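Here is how the chains run, residue by residue.
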6 protein chains.
Amino acid sequence: MKYKFIKKKINYNGSELKPLYAYVHHQLHGDSIVAFAGSCDVTLDHMVDAEDFVVGAKIKADCMLHFIVEMFGQNLMTAVSLQRLLVSIVQSHLMGAGVTLIRKGDDLYLKNKKLSVSIASCSAVSSQIHLGINIENGGTPVPTCALKDFSIEPVKFATAIMEKFTSEYISIVEATQKVRPLQ
Amino acid sequence: MKYKFIKKKINYNGSELKPLYAYVHHQLHGDSIVAFAGSCDVTLDHMVDAEDFVVGAKIKADCMLHFIVEMFGQNLMTAVSLQRLLVSIVQSHLMGAGVTLIRKGDDLYLKNKKLSVSIASCSAVSSQIHLGINIENGGTPVPTCALKDFSIEPVKFATAIMEKFTSEYISIVEATQKVRPLQ
Amino acid sequence: MKYKFIKKKINYNGSELKPLYAYVHHQLHGDSIVAFAGSCDVTLDHMVDAEDFVVGAKIKADCMLHFIVEMFGQNLMTAVSLQRLLVSIVQSHLMGAGVTLIRKGDDLYLKNKKLSVSIASCSAVSSQIHLGINIENGGTPVPTCALKDFSIEPVKFATAIMEKFTSEYISIVEATQKVRPLQ
Amino acid sequence: MKYKFIKKKINYNGSELKPLYAYVHHQLHGDSIVAFAGSCDVTLDHMVDAEDFVVGAKIKADCMLHFIVEMFGQNLMTAVSLQRLLVSIVQSHLMGAGVTLIRKGDDLYLKNKKLSVSIASCSAVSSQIHLGINIENGGTPVPTCALKDFSIEPVKFATAIMEKFTSEYISIVEATQKVRPLQ
Amino acid sequence: MKYKFIKKKINYNGSELKPLYAYVHHQLHGDSIVAFAGSCDVTLDHMVDAEDFVVGAKIKADCMLHFIVEMFGQNLMTAVSLQRLLVSIVQSHLMGAGVTLIRKGDDLYLKNKKLSVSIASCSAVSSQIHLGINIENGGTPVPTCALKDFSIEPVKFATAIMEKFTSEYISIVEATQKVRPLQ
Amino acid sequence: MKYKFIKKKINYNGSELKPLYAYVHHQLHGDSIVAFAGSCDVTLDHMVDAEDFVVGAKIKADCMLHFIVEMFGQNLMTAVSLQRLLVSIVQSHLMGAGVTLIRKGDDLYLKNKKLSVSIASCSAVSSQIHLGINIENGGTPVPTCALKDFSIEPVKFATAIMEKFTSEYISIVEATQKVRPLQ
């Protein structure tokens, strides 16, 4: 798994959650995690989460840190499990910075203030995860908290999270390659 | 996923990591997590982790809290991902009790003192996870810490962890059932 | 697996065979079978069965009882096997009501009169089955029979079939969770 | 899928449910269904069904008709679905001979009298089904009925069932090869 | 696996790499390989290979021999492995005709002159391979060689390749059906 | 994929085709190909190929070059396809050294003289391939040819083959990670 922080601002509208996004747009071949900053405004057309679609949810923020993970040869159950682990890694990392958040599934909260949005799905060729973390609180449809509230610098934070997730992913793959079958 | 705390003391020797363990021995049918207390002494014959086998590692403790998870229809990559999430849930839970541990892959440490052992593997019919957490420090081959050091009562702790893991598992399965395919 | 009879009349044109149909339109989350009554007129654009597409078949009826099954984490071979079992359940049920039909693959016949149409396919996130059973004979391109010919009341019939299929599906899943691997 | 009736009497003890049974013992390569007559007495050691194992069930009969199906490249969920369909084919066939049985999962009953035993499981290379149907009632641990009660001749019956199941299997495989993906 | 040479000239633009192509357009049901002659000009819209897409590659030739393979129930890793084997079969066949080519992945070269283009991908229902081999050198964006240079008659060549690939495919499937599981 | 030539002589009896062989015995973690020289004498107990088992074939040679490939997360169909490709790579390589062999499935022949034996199978955790190539002709049950006949030095040859197969494997995996899904 490779990782890359994209310095250019990219406004996320959901069309980025498409097979080979990192390869076509950022030259990362194979399993990858990329991060970039930009607004978030997912159109109904690109809403992957039917739960949001059904209620016409607004997935919006003026300034978010976006992570997009792509994995090949993994199914959706693995992708969602790894999504939870990615969110858990963010929680642990912020804990290390003195910020105590609660994780409910794939969401992080400071009391009732939501820090993040996330979704995972798959196509016939790969699985993908989007995780968006508020950099600032502007433009969100619900009460939120943001990295700015915690004085967390987004680029350094993004890089640390990508390093940790990449290590974890590689170590998980390795762990599947050193056990005997059960009988 | 069902869960059950087994009150009877069971000494774990590795033979418990066998398909249908919870069903055959504890009447839990389907996806399950069971917990029990007992010593740990994994014989070479039942050592699933080839890394341990190669170095002739001793996986031993006089008094451990054992968790055994079994999942049907899931592959090994998912099982290892969920193993990490289970360990992460333990870490978070202990954090809530004021104990700050470091997670390295599937191990938990208080500085250089190891709290746990864990392995995940699969047969043709299911995947399984073993997670053992020291209740006391006696009989371990490396420097360890234990629930007793933190004044954590094992039964209540086990039940809380099983409840959280069961909820997480169900919510992961549900998350795979509400997303549109990517294209 | 959940089931639900939709009281509202819905005219089926093939666009209903789309991932998350029951969730998005009828609030049923997860594995499900829904039934509703309405006409049937599948447009070429939504014709999933290439056999029909190639010959420009007309899949039409003025009044049909429609079943839509959706299953997550199951492949197409399982979906088609379960489609056959669903049709077989309908056959047995009608036999119990004194109607002796012949099943040829996924079709039911009274002599040369066709009672039903059916198809199963899959996307990257789920598998789906459509089974349409004539309520009346009007508007069909071939000789047909219909529930009305047998004085079968559609709503009660649909509910009985959904109950039986749901039980069968759950018992099949359970049967995969109680066997030892072969060696 | 190939089929073959084995004329030699073979007493079934469960060891026959082993990958490549039809190939090694009866020269049938690939997907297959074989049938033979003989007693049934499954030893605990070869008991694949943990439900039976747990209660120490006796799976016995003096004279049974045995079917063994083996399928390559299919998972356990498909195998159990096809097991149900096989039992359903037997039910339909006997119905055509004037015998009305009730199917409960993978069992057939004449009122409270059991006609059959069945199990399906898998190894890393294939899935297998065993279906045993009483030819006579002797030696069974529960109230049973048998082909003899219905004046059904076992060899002809076995051949008809194998023909029907083979056709159904081939037509199911073909049905998976003529549908467009859903989107 | 069935094979067929299509006598009608068909200009390939990439839209042919679509599930059920051989079935819908050439009446070949199930696993298949078809061949036909025609120009090659893949539009960006139908470019499956993101590597080509990213650099805006031109996949063009005035006169090519096209092979399209479709396989059901096989994953992308198998499809790419078989693509390499197909190209290897072409290499061996031409070697037998006195033409020594170098294979680099899925490409064949006579020194720096490229003979072929190829891609493999999958949908939710099947995997497909396209292999195009220059019949003549006109209209290609890079230095090429062609069957005409080697005095190879395309129809006979295509038939021989399809025969060999079909035999190989069948023998591979058979090889998966005669081995014991490893333990 | 990693590769390693084991200098120590190892006599192959079939027990080496066991999950994690390269890891446990030669410290190669993950996808791997290892080679070593030694006699070949596969006991019935370790005969994975039921075809050989059925006829009581002797798989013997006094001095062979053995390759053992292990791949994780790949199914048996992929393993057999890659086995063929491995044999094809050997054929091409020897062609480059002036030796023209015929490949029939997974066997290589010089006219009627057999150069090699091979098998591929899988467990619940990995797939494995054994390819044995005669270094000398002694002790074989059928007419054979051997590397010595062609003045091929085994160690250099083994290393070249392992390099080529490793490159091919990596490039196949990469090829699965750069294509758009078909629709």
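Residues numbered from 1 in each chain as written. Chains lettered and ligands numbered in written order. Predicted model: local features only at pLDDT ≥ 70, side-chain atom pairs only at ≥ 80, totals over all residues. Heavy atoms only, no water.

Asker: Hey, could you go over the packing of aromatic side chains for me, with residue numbers and the actual values?
Answerer: A complete count under the given rule lists six aromatic pairs over all chains for this structure. Consider the rings of Tyr21 of chain A and Phe36 of chain A, whose centres lie 6.4 Å apart with planes at 55°: the pair is tilted. Placement of Tyr21 of chain A in helix H1 (residues 21–26) and of Phe36 of chain A in strand S2 (residues 32–41) is noted, with a sequence separation of 15 residues between them. Assessed through its relative accessible area of 7%, Tyr21 of chain A is described here as buried. We note Arg180 of chain B situated over the ring of Phe53 of chain A; from NZ or CZ to the ring centre the distance is 4.0 Å. (Phe/Tyr/Trp six-rings, centres within 6.5 Å; stacked < 30°, edge-to-face > 60°. Helix = DSSP H or I, 4+ residues; strand = E, 2+ residues; numbered from the N terminus. Buried < 20%, exposed > 50% of the residue type's maximum accessible area, 1.4 Å probe, protein only. Lys NZ or Arg CZ within 6 Å of the ring centre and 35° of its normal.)

Asker: Which residues make up unusual backbone geometry, and what are the values?
Answerer: Backbone geometry places Lys111 of chain C, a non-glycine residue, at a positive phi of 50°. Its place among the elements puts Lys111 of chain C in the loop between strand S5 (107–110) and strand S6 (113–114). In this structure Lys111 of chain C comes out as exposed when scored by relative accessible area, which is 73%. The backbone phi angle of Leu20 of chain E is positive, close to 70°, even though this residue is not glycine. Relative to the helices and strands, Leu20 of chain E is located in the loop between strand S1 (2–5) and helix H1 (21–26).

Asker: Which residues make up the side chain of Thr144 of chain F, and what are the values?
Answerer: All names here are of chain F. As for its position among the elements, Thr144 is in the loop between strand S8 (126–134) and helix H4 (154–175). Take Thr144: its relative accessible area is 13%, and that puts it in the buried class. Side chain to side chain, Thr144 and Asn137 meet in a polar contact 3.0 Å long. Side-chain polar atoms of Thr144 contact the side chain of Thr140, separated by 3.1 Å. Discounting residues that sit within four places of it in the chain, Thr144 has contacts with Lys113, Lys114, Asn134 and Asn137. (Polar contact = N/O pair within 3.5 Å; in protein donor to acceptor, adjacent residues only side chain to side chain. Contact = heavy atoms within 4.5 Å.)

Asker: Outline the interface of chain F and chain D, listing residues and values.
Answerer: Every contact between the two is made by ten residues of chain F and, on the other side, seven residues of chain D. Across the chain F/chain D interface, buried area totals approximately 610 Å², and carbon plus sulfur atoms make up 72% of it. Area buried by chain F at its contact with chain D is led by Ala50, Val54 and Gln183 of chain F, which between them contribute 54% of it. Counting across the chain F and chain D interface gives zero salt bridges. Our count for the chain F to chain D interface comes out at zero residue pairs in polar contact (both at pLDDT 80 or more). Listing elements by their share of the side of chain F that touches chain D, those giving two or more residues are helix H2 (50–55) and strand S7 (116–122) of chain F. Counting residues per element, the side of chain F that touches chain D draws most heavily on H2 of chain F, at four residues. For the side of chain F that touches chain D, the residue count by class is six nonpolar, three polar and one charged. (Buried area = accessible area lost by both parts, 1.4 Å probe. Salt bridge = Lys/Arg side-chain N within 4 Å of Asp/Glu carboxyl O. Nonpolar A, V, L, I, M, F, W, Y, C, P; charged D, E, K, R; others polar.)

Asker: Can you explain the relation of the copies chain A and chain B? Please cite residues and give values.
Answerer: Here chain A sits on chain B after a turn of 180° about the axis and a move of 0.0 Å along it, with an RMSD of 0.0 Å. Seen this way, the second copy is the image of the first under a two-fold rotation axis. Minimal C-alpha separation from the rotation axis in chain A is found for Thr78 of chain A, amounting to 2.3 Å. The residues that chain A uses at the interface reappear at the interface of chain B in 100% of cases, marking a shared surface. (Least-squares fit on C-alpha atoms with pLDDT ≥ 70 in both.)

Asker: So what's going on with the interface of chain A and chain B? Which residues, and what values?
Answerer: Between chain A and chain B, the contact holds 47 residues from the first and 47 residues from the second. Between chain A and chain B, roughly 3,700 Å² of surface is buried when both sides are summed, and carbon and sulfur atoms account for 56% of that area. Applying the counting rule to chain A against chain B returns eight salt bridges. Where chain A touches chain B, the interface holds 22 residue pairs in polar contact (both at pLDDT 80 or more). For the side of chain A that touches chain B, the elements supplying multiple residues, two or more each, are helix H2 (50–55), helix H3 (76–96), strand S7 (116–122) and helix H4 (154–175) of chain A. Grouping the constituent residues of the side of chain A that touches chain B by class yields 24 nonpolar, 14 polar and nine charged.

Asker: Pulling in residues and values, what's your account of the sheet that holds strand S6 (residues 113–114) of chain B?
Answerer: Residue and element names in this part refer to chain B. Taken in spatial order, the three strands of this open sheet run S4-S5-S6, and their pairing is antiparallel. Two strands in the sheet have a free side with no partner beyond their single neighbour: strand S4 (102–104) and S6. Contacts between helix H3 (residues 76–96) and the sheet are confined to S4 and strand S5 (107–110), with S4 contributing the most and set at about 170° to the helix. (Pairing = 2+ DSSP bridges. Axes fitted to C-alpha atoms, helices over the stretch in contact; angles between N-to-C directions.)

Asker: Give me the environment of Leu82 of chain A: which residues, what numbers.
Answerer: Residue and element names in this part refer to chain A. Checked against the element boundaries, Leu82 lands in helix H3. Classification of Leu82 by relative accessible area gives buried; the value is 1%. Considering only alpha carbons, one finds Leu82 and Ile119, 37 residues apart in sequence, at a separation of 11 Å.

Asker: Provide a residue-level description of the environment of Ala57 of chain D, including the pertinent values.
Answerer: Residue and element names in this part refer to chain D. Relative to the helices and strands, Ala57 is located in the loop between helix H2 (50–55) and strand S3 (60–72). Between the alpha carbons of Ala57 and Val42 there is a distance of 9.5 Å; along the sequence they are 15 residues apart. Those residues in contact with Ala57 that sit more than four places away from it in its chain are Met47 and Asp52.

Asker: Any chance you could break down the relation of the copies chain F and chain D for me, citing the residues and the numbers?
Answerer: Least-squares fitting of chain F to chain D yields an RMSD of 0.0 Å, with the transformation described by 0.0 Å of translation along the axis and a rotation of 120°. Expressed as an axis order, the relation between the two copies is that of a three-fold axis. No C-alpha of chain F approaches the rotation axis more nearly than that of Ala124 of chain F, which lies at 3.1 Å. Interface overlap between copies is the fraction of interface residues in one copy that are interface residues in the other; for chain F against chain D it is only 20%, indicating separate surfaces.

Asker: So what about the state of the cysteines? Which residues, and what values?
Answerer: As used here, a disulfide is simply a covalent bond connecting the sulfur atoms of two cysteines. Per the stated rule, a full pass over the model turns up zero disulfides over all chains. Free cysteine: Cys63 of chain A, not disulfide-bonded; nearest cysteine sulfur from Cys40 of chain A at 11 Å. (Disulfide = S-S within 2.5 Å.)

Asker: Summarise the environment of Lys8 of chain F; cite the residues concerned and give the values.
Answerer: Residue and element names in this part refer to chain F. By the secondary structure assignment, Lys8 is in the loop between strand S1 (2–5) and helix H1 (21–26). Judged by its relative accessible area of 60%, Lys8 is exposed. Remark: the alpha-carbon pair of Lys8 and Ala37, spanning 29 residues in sequence, is separated by 7.7 Å. In contact with Lys8, other than residues within four places in its own chain, are Phe36 and Ala37.

Asker: Which residues make up the nonpolar core, and what are the values?
Answerer: Among the nonpolar cores identified, the biggest contains 128 residues, and Phe67, Leu82 and Phe157 of chain E together with Phe67, Leu82, Leu94 and Phe157 of chain F are the most heavily contacted of them. Contact partners of Leu94 of chain F, with chain neighbours within four places excluded, come to Val99, Leu101, Leu115, Leu147, Ile152 and Phe157 of chain F. Leu82 and Val99 of chain A together with Leu108 and Val117 of chain B belong to the second largest nonpolar core, which has 127 residues in total. (Core = buried A, V, L, I, M, F, W, Y, C linked by side-chain atoms within 4.5 Å.)

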